[in-house]
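Residues per chain, in single letters:
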Amino acid sequence: MTRVHGLSHSSHWGAFSVLVRDRDIEVVPHPRDPDPSRLLGNLPASVSHKARIAQPMARRGWLENGPGPDARRGADKFVALSWREALDHAAAELRRIYAMHGPRAVFGGSYGWASAGRFHDAQHQIHRFLNLAGGYVRSVNSYSSGAAAVILPHVIGPQAAVAGNNVSWAELVSESAVVLAFGGMALKNNDVGGGGTSQHIARANLEAARKRGCEFHLIGPLRDDLPASAEAVWYPIRPGTDVALMLGLAHTLVSQGLHDGAFLDRFCAGWTIFEAYLLGRSDGQPKDAAWAADICGLAADEIVGLARLCAGRRTLITCSQSLQRAEHGEQPIWMGVVLAAALGQIGLKGGGFAYALGSTSNTGKPPLAVPLPTVPTGSNSIADFIPVARIADMLLHPGEEFDYDGQRLRYPDIKLLYWAGGNPFHHHQDLGRLRLAFCRPDTVIVHDSAWTATARHADIVLPATITLEREDIGATAGDPLMVAMHRAVTPYGEARDDYDIFTGLAERLGIAEDFTEGRSARQWLEHLYEPTRCALAERGINAPEFAQFWEDGELTLPTQAWDGGIVREFRRNPEAAPLPTPSGRIEIASTKIAGFGYADCPGHPTWLAPTDGVGSPVMERFPLQLVANQPATRLHSQLDFGACSLASKVKGREPVRLHPHDAAARGIRDGDIVRLYNDRGACLAGAVLSEALRPGVVQLATGAWYDPADPTANQPTCVHGNPNVLTRDAGTSRLAQGCTGQLTLIEIERFNGPMASIAAFDPPL
Ligand code: PGD
């Protein structure tokens, strides 16, 4: 037995070191992390869980009948193959599709978080490979920020202008007097930062700000979306109605003469148009506090009080990512900017508007001063793309036109779906519909380390290593620690690195030399490290050779002084440093967006009643609002079989929280297995009664592995608790076409039927 001490490593939820005894590992958080994530507890199970994929597999129906649309995807058996056979099949199919249909028939959008690590990042690897193989249809934007990424450049500048170098944690601690946290700043979300994090600082900063006297106001249906130590005033708003509340606040400011007219004149465009709407001159309906109260479920005098409290003080408006992951998700982000503009605070330290501060662990930290190791992905031979969350529409409606950000585009006819490092049967909405979509292509190829539902819907399944089985460099733009990610254990079964899998395919396609550039994985790490080392040396600071970095296990990178970015520069001198918007100012109303003529995203922030939310006719049958948010016990669907995730389950099912009043009305007790349902499907979950929710709201996190009772049902029942059987597969609007998975309407009942066992973690053999 060997015992290795403290191998440095990293994950999206924190840096750590690993102690190894054969395949048993112990994970020790990084000593400088003040608030390590409990998600580290999921890692030990990943090394040799039965859900790992041990060898390459092909779906029986695909092997027997050859490529083609097939309704058995997701319900078929698998046959083990050797690596040689599996790679031969995959390469032959790639060759066939490229020859017969060209790159427009290959979808390589392959969205997903995969794992931390700069070189083995699955998205970089697949895109580099497919670019060299002939090109592919890509996806744009993310499930995290689909609406914000598109609306913000029209209104104030790129997302980074108000999400990154804008208002820092340090400024919040020292300057902010009032924080209006729309959607909260949940610590569970701060646990995670794409690419890793060495220091979880949100809790300490919230506490320090509070200690100095900063007042937090949590606007959201879930009380625990800010920690108790922030001592926030809780406004349990109806989900999806923040825009109405923001309008009520803005109306109060204007009608009481508390808005900053000078700021609006000098720094903004389009206020007059918006004001006509706000005051009801353009549509006959003033958006006053009483009007807002009726929609959002708060009291009118609370709204007036909140507006008065913000005026004239250093007020920061934050909007969580969750807010825009819903129907008309562009509106709360745009209206958040407008409310901050009406308060005249944008561009001031600790004031104005911050997007996603508190939504991931690396927003609000100073930017790095040196470049990070980055795999070059090359260039794509075609320009075709879809907004990422339109995957099922694309597969189901080839050739059909759709709108996106002022463009009229057409869905390609996809014959080959290639996925590495993502789990669409976790992340997408209306999984019954997604299954139909996945039945359409000729072939689906998936790399994953475990038998996720996506792997089960593939034709060729190629087993990938986990990061603990390979060497990599952990680093991300928002964190100063670069980590030497040492290999801790040998690969499970026959699993291979994504890089090696693509190298095997590249050899068969005759592009190996270009793909590998003659380097082994270790040589790539050394090569990619070099630009960072040179930049450090140029600045005259510690710049160890790769071998030294590898031995040290980590390297602290320099950060830039926080300067508030383009928004602060604009505030200092709007004429010399205009914003990158059409007017060069903050666009309260946008002539460009108005010109698109989208009824679901007009030319200024607007309250648009949802078709699947408060006030919609659907509520008559499905009266509860489901919040399908990010889980507290795992990252998305990753390592759902890990100890931390399993410990939260109720009799093996995902916990669903509901208010005691709603439970009592339905005869549901704490610990009961319940059935959540609507017209799209149903899922079982374990009831947890809680007063931390607004009555009428039910909360079921995403990420329980999809486990359909009947995999071929169009309205499936997931016996494990995946909320995406219930969510609606529709874009935020014709502007951004973002993911709307956060909210939907449901009913819930005690489940008295025969209890299906959970098979999500059993290999489908
Ligand atoms: P993950 O579970 O992180 O979910 O969706 P995403 O697809 O990113 O999936 C990553 C997959 O990659 C896992 O299956 C993991 O095993 C695999 N993997 C990890 N490392 C590697 C590797 O090195 N190689 C390979 N080949 N595979 C690897 C997340 C998405 O879900 C996101 S970002 C958001 S914000 C959305 N949120 C919501 C929501 O709020 N509400 C709903 N209803 N739905 C959502 N879906 C979205």
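So, here's what we can say about the structure. (Residues numbered from 1 in each chain as written. Predicted model: local features only at pLDDT ≥ 70, side-chain atom pairs only at ≥ 80, totals over all residues. Heavy atoms only, no water.)

**Let's talk about the overall build of the chain**
- On a plain count of helices and strands, the chain comes out with 27 helices and 30 strands.
- Here the chain has a C-alpha radius of gyration of 25 Å; the compact-globule value for 765 residues is 27 Å, and the two agree.
- Considered along the principal axes of its C-alpha atoms, the chain spans approximately 75 × 70 × 50 Å.
- Relative to its 765 residues, the chain shows a buried fraction of 63%.
- The contacts of the chain with a sequence gap of at least 6 include a subset with a gap of at least 24, amounting to 75%.
- Both charge centroids of the chain, one from 70 positive and one from 81 negative side chains, sit 1 Å from each other. (Helix = DSSP H or I, 4+ residues; strand = E, 2+ residues; numbered from the N terminus. Rg over C-alpha atoms; globule rule 2.2 N^0.38 Å. Buried < 20%, exposed > 50% of the residue type's maximum accessible area, 1.4 Å probe, protein only. Contact = heavy atoms within 4.5 Å. Lys, Arg positive; Asp, Glu negative; His and termini not counted. Charge placed at Lys NZ, Arg CZ, Asp CG, Glu CD.)

**So, the side chain of Asp640**
- By secondary structure assignment, the location of Asp640 is in the loop between strand S24 (624–627) and helix H26 (643–648).
- For Asp640, a relative accessible area of 0% corresponds to the buried category.
- Among the polar contacts made by the side chain of Asp640, one reaches the main-chain amide nitrogen of Trp705 at a distance of 2.9 Å.
- In contact with Asp640, not counting residues within four places along its chain, are Arg634, Ser645, Leu646, Lys649, Gly703, Ala704, Trp705, His720 and Phe761. (Polar contact = N/O pair within 3.5 Å; in protein donor to acceptor, adjacent residues only side chain to side chain.)

**Some thoughts on the packing of helix H13 (residues 289–296) against helix H14 (residues 300–310)**
- One can describe the packing of H13 onto H14 by two numbers: an axis separation of 8 Å at closest approach and a directional angle of 120 degrees. The handedness of the crossing between H13 and H14 is right-handed. Across the interface between the two elements, Ala289, Ala290, Ala292, Ala293 and Cys296 from H13 touch Ala300, Ile303 and Val304 from H14.
- A per-class count over the contact of H13 with H14 returns 8 nonpolar, no polar and no charged. (Axes fitted to C-alpha atoms, helices over the stretch in contact; angles between N-to-C directions. Left-handed = near helix turned anticlockwise from the far one by under 90°. Nonpolar A, V, L, I, M, F, W, Y, C, P; charged D, E, K, R; others polar.)

**Focus: the packing of aromatic side chains**
- Evaluation of the coordinates by the stated rule reveals 29 aromatic pairs.
- On the basis of an interplanar angle of 20 degrees and a centroid distance of 5.4 Å, the ring pair of Phe546 and Trp550 is categorised as stacked. One end of the pair is Phe546 and the other is Trp550, both in helix H23 (residues 546–552) and 4 residues apart, which spans about a single turn. Take Phe546 and Trp550: they sit in the same class, and that class is buried.
- Here the aromatic residues Phe119, Phe129, Tyr418, Tyr499, Phe502, Phe515 and Trp524 are joined through ring pairs into a cluster of three or more.
- Over the ring of Tyr277 we find Lys287, and its NZ or CZ is 3.9 Å from the ring centre. (Phe/Tyr/Trp six-rings, centres within 6.5 Å; stacked < 30°, edge-to-face > 60°. Lys NZ or Arg CZ within 6 Å of the ring centre and 35° of its normal.)

**Topic: the layout of surface pockets**
- Estimates place the volume of the largest pocket at around 1,300 Å³.
- As for the largest pocket, its lining consists of 44 residues, of which Trp113, Ser142, Gly194, Gly195 and Thr476 are closest to the centre.
- Elements that contribute at least two residues to the lining of the largest pocket include exactly helix H4 (122–133), strand S7 (138–140), helix H6 (159–163) and strand S20 (472–476).
- Class assignment of the residues belonging to the lining of the largest pocket gives a composition of 13 nonpolar, 27 polar and 4 charged.
- Taken as a whole, the second largest pocket holds about 490 Å³ of empty space.
- Lining the second largest pocket are 25 residues, with Arg38, Lys188, Pro631, Ala632 and Thr633 sitting closest to its centre.
- For the lining of the second largest pocket, the secondary-structure elements that each account for two or more residues are helix H8 (187–190) and strand S25 (655–658). (1 Å grid on protein atoms, 1.4 Å probe; cavity = no way out; pocket = protein on both sides within 12 Å on 5 of 7 lines; lining within 4 Å. Points joined across faces, edges and corners; volume = space filled by probe spheres on them.)

**Structural notes on the site of the ligand**
- Lining the immediate environment of the ligand, one finds 31 residues, of which Ser115, His427, Arg470, Asp498 and Ser637 sit closest.
- At 3.4 Å, a side-chain N or O of His426 approaches an oxygen atom of the ligand.
- Residue Arg470 places a side-chain N or O atom 2.6 Å away from an oxygen atom belonging to the ligand.
- Burial of the ligand by the surrounding chains reaches 97%, relative to a free accessible area of 920 Å².
- Class assignment of the residues belonging to the shell around the ligand gives a composition of 6 nonpolar, 21 polar and 4 charged. (Near = heavy atom within 4 Å. Areas by Shrake-Rupley, 256 points an atom, 1.4 Å probe, with all protein chains shown as cover.)

**A closer look at the nonpolar core**
- Of all hydrophobic cores here, the largest spans 132 residues; its most connected members are Phe182 and Leu676.
- Filtering out sequence-adjacent residues up to four positions away, Leu676 remains in contact with Leu626, Val656, Gly681, Ala682, Cys683, Ala685, Val698, Leu700, Leu726, Ile746, Glu747 and Ile748. (Core = buried A, V, L, I, M, F, W, Y, C linked by side-chain atoms within 4.5 Å.)

**Regarding the packing of helix H5 (residues 146–155) against helix H15 (residues 330–342)**
- Running from N to C, H5 and H15 point in directions that differ by 35 degrees, and their axes come no closer than 9 Å. The hand of the H5/H15 crossing is right-handed. Where H5 approaches H15, its residues Ala147, Ala148, Ile151, Leu152 and Val155 are matched on the opposing element by Glu330, Ile333, Trp334 and Val337.
- When its residues are assigned to classes, the contact of H5 with H15 shows 8 nonpolar, no polar and 1 charged.

**With respect to the pairing of strand S2 (residues 14–21)**
- Most of S2 is tucked away, with 7 of its 8 residues classed as buried.
- In this sheet, strand S3 (residues 24–29) lies alongside S2 in antiparallel orientation, the contact comprising 6 bridges. Of the residues in S3, the one forming a bridge with Arg21 is Asp24.
- Where S2 folds back on S3, the antiparallel hairpin that results is connected by 2 residues, among which Asp22 adopts a positive phi of roughly 50 degrees. (Pairing = 2+ DSSP bridges.)

**Observations concerning unusual backbone geometry**
- One non-glycine residue, Glu231, lies in positive phi territory at about 50 degrees.
- Within the secondary structure, Glu231 is located in the loop between strand S9 (215–219) and strand S10 (233–235).
- Despite not being glycine, His328 shows a phi value in the positive range, around 55 degrees.
- Among the secondary structure elements, His328 is positioned in the loop between strand S12 (315–319) and H15.
- The exposure class of His328 is buried, given its relative accessible area of 12%.

**Details of the side chain of Gln429**
- You can see Gln429 is positioned in the loop between helix H17 (424–427) and helix H18 (431–438).
- Reaching out from Gln429, the side chain makes a polar contact with the backbone oxygen of His427 at a distance of 3.1 Å.
- Polar contacts involving the side chain of Gln429 include one to the side chain of Asn724, which spans 3.4 Å.
- Among all residues touching Gln429, those that are not within four sequence positions of it are Tyr143, Asn724, Thr727, Arg728, Asp729, Cys739 and Gly741.

**Let's talk about the state of the cysteines**
- Tallying each qualifying case throughout the model produces 0 disulfides.
- Free cysteine: Cys739, not disulfide-bonded; nearest cysteine sulfur from Cys683 at 16 Å. (Disulfide = S-S within 2.5 Å.)

**What about the sheet that holds strand S6 (residues 106–107)?**
- Read across the open sheet, the 6 strands follow the order S5-S4-S19-S18-S17-S6; overall the sheet is mixed. Here the strands that pair on one side only, and so sit at the sheet edges, are strand S5 (78–80) and S6.
- Both strand S18 (residues 443–448) and strand S19 (residues 460–463) contribute to a ladder of 4 bridges, which runs parallel. Paired with Asp448 across the strands is Pro463, a residue of S19.
- Seen against the sheet, H4 touches S6 and strand S17 (416–420) and runs at an angle of roughly 145 degrees to S17.

**A look at the sheet that holds strand S8 (residues 178–182)**
- Taken together, 5 strands build an open sheet; the order of strands is S10-S9-S8-S12-S13 and the sheet is parallel. Among the strands making up the open sheet, the edge pair consists of S10 and strand S13 (352–355). Across the sheet, the axes of successive neighbouring strands diverge by a mean angle of 20 degrees, strand direction being ignored.
- Sheet topology note: the S8/S9 ladder contains 5 bridges and is parallel. Its bridge partner lying in S9, Val178 is registered against Glu215.
- Helix-sheet contacts for H15 involve S8, S12 and S13, and the interaxial angle to S13 is about 155 degrees.

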